[in-house]
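# Descriptive analysis of the structure
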Amino acid sequence: MMSSSKVESQLLKASLYNQLETLTNILNNKELQINVNCCDENNYMSSPFTMACRKGHLDVVKALAGDKRVELNFRNKYGMTGFYRAREKGNERVVEYLLTLKGIDVNRADECEGWTPLIAASFNGHVGVVQHLLANCERLTDVRYKDFEGLIDFIIYLFIYLFIFFLLMALIFFSCCVVINEGFTALDNAKKGGESKLRKENCSKVVTLLTSFEANQKQIRNDLRKQLGYLGLIYI
């Protein structure tokens, strides 16, 4: 007897390539301990039912749907169900059949873009699929349901605006620092002052006083650094 993994591989292959006889034999063999909802890593972790719906293999879909072990709303890694994949590919016959099953969730959106079956069918221009869905409008939660695209755009624009805002704040802060650093001290203004001859002479005296004062203050700071510098604690 083959291992469960090999039988499951055959089940996936039969669903993908419309091998109805092989699939029926596997499903009817009650001695086999297999997972009929096994996933194909090469097809977005889709189950046999999901792949058969995507490929439009109606007889295979019916055989799988008739097995109670099959999860009709099984979702692949992108959150897509068999019904979602059938209407996405425009498989009208499969969609029409699935709409007769009570367990099918016709409103379940995918996890990538938030598209419902109706949105995806509308985007792809599948007129027949849209007609079948609208004919079952009592099962549609809201024809005006919106996907995630508007929310994604909002988040993108929000980050752009925040980036521009912080960039402007940084430029303003830098400009303020430049303006502050370009201010003039008393000594600078004394050197520039003096419109009349007398005022120029007085400003020259002020420059001398300020220069002498700054020199004395610098000498005092240097002396303190020499005395306390070895401690590494004082900066003046």
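Here the structure is shown first, and the text comes after it.
Residues numbered from 1 in each chain as written. Predicted model: local features only at pLDDT ≥ 70, side-chain atom pairs only at ≥ 80, totals over all residues. Heavy atoms only, no water.

### Digging into the overall build of the chain
Put simply, the rule is: Helix numbering and strand numbering both begin at the N terminus, where a helix is a DSSP run of H or I of at least 4 residues and a strand a DSSP run of E of at least 2. Here, residues are in contact when the closest pair of their heavy atoms is within 4.5 Å. Using a 1.4 Å probe, the Shrake-Rupley method yields the accessible areas, and only the shown protein chains count as cover for residues.
When helices and strands are counted, the chain shows 11 helices and 0 strands. Considering only contacts in the chain between residues 6 or more positions apart, those separated by 24 or more positions represent 64%. Put simply, the chain shows about 15900 Å² of open surface, and 58% of that area lies on carbon and sulfur atoms.

### Concerning the packing of aromatic side chains
Selection rule: What counts as a ring pair is set by centres within 6.5 Å for rings of Phe, Tyr and Trp (its six-membered ring), and what kind of pair is set by the plane angle: stacked under 30 degrees, edge-to-face over 60, tilted for all other angles. Accessible area is worked out with a 1.4 Å probe on protein chains only. A residue is then buried under 20% of its type maximum, exposed over 50%, and partly exposed in between. Geometrically, a charge over a ring is one whose NZ (Lys) or CZ (Arg) sits within 6 Å of the ring centre while staying within 35 degrees of the ring normal.
By the definition in use, this model includes 2 aromatic pairs. Ring centres of Tyr44 and Tyr78 lie 5.3 Å apart, and the angle between their planes is 65°; on these two criteria the pair is classed as edge-to-face. With Tyr44 in the loop between helix H2 (20-28) and helix H3 (48-55) and Tyr78 in the loop between helix H4 (58-65) and helix H5 (82-88), the pair connects residues that are 34 residues apart, well separated along the chain. With a centroid separation of 5.4 Å and an interplanar angle of 70°, the aromatic rings of Phe165 and Phe166 are classed as edge-to-face. Looking at Phe165, the relative accessible area reads 43%, which means it is partly exposed. Positioned above the aromatic ring of Tyr84 is the side chain of Arg87, whose terminal nitrogen or guanidinium carbon lies 3.2 Å from the ring centre.

### Overview of the side chain of Asp67
Note the cut-off: Within 3.5 Å is the distance limit for a polar contact, defined as a pair of N or O atoms, with the added protein rule that one can donate a hydrogen and the other accept it, and that residues adjacent in sequence qualify only through two side-chain atoms.
With respect to the helices, strands and loops of the structure, Asp67 is situated in the loop between H4 and H5. Overall, the relative accessible area of 10% leaves Asp67 in the buried class. Of the polar contacts made by the side chain of Asp67, one reaches the backbone nitrogen of Arg69; its length is 2.8 Å.

### Description of the side chain of Ser47
Within the secondary structure layout, Ser47 lies in the loop between H2 and H3. Polar contacts involving the side chain of Ser47 include one to the side chain of Thr50, which spans 3.0 Å. In this structure Ser47 touches Leu12, Asn37, Cys38 and Phe74, once residues within four positions along its chain are discounted.

### Some details on H3
Where burial is concerned, most of H3 is hidden: 7 out of the 8 residues are buried. Pro48, Phe49, Thr50, Met51, Ala52, Cys53 and Arg54 are the residues of H3 that are buried. Close packing links the buried residues of H3 with helix H1 (4-16), H4, H5 and helix H6 (92-98). Downstream of H3 by a residue or two, Gly56 has a phi angle that is positive, lying close to 80°.

Everything listed here is a matter of geometry and, on its own, says nothing about what the molecule does.
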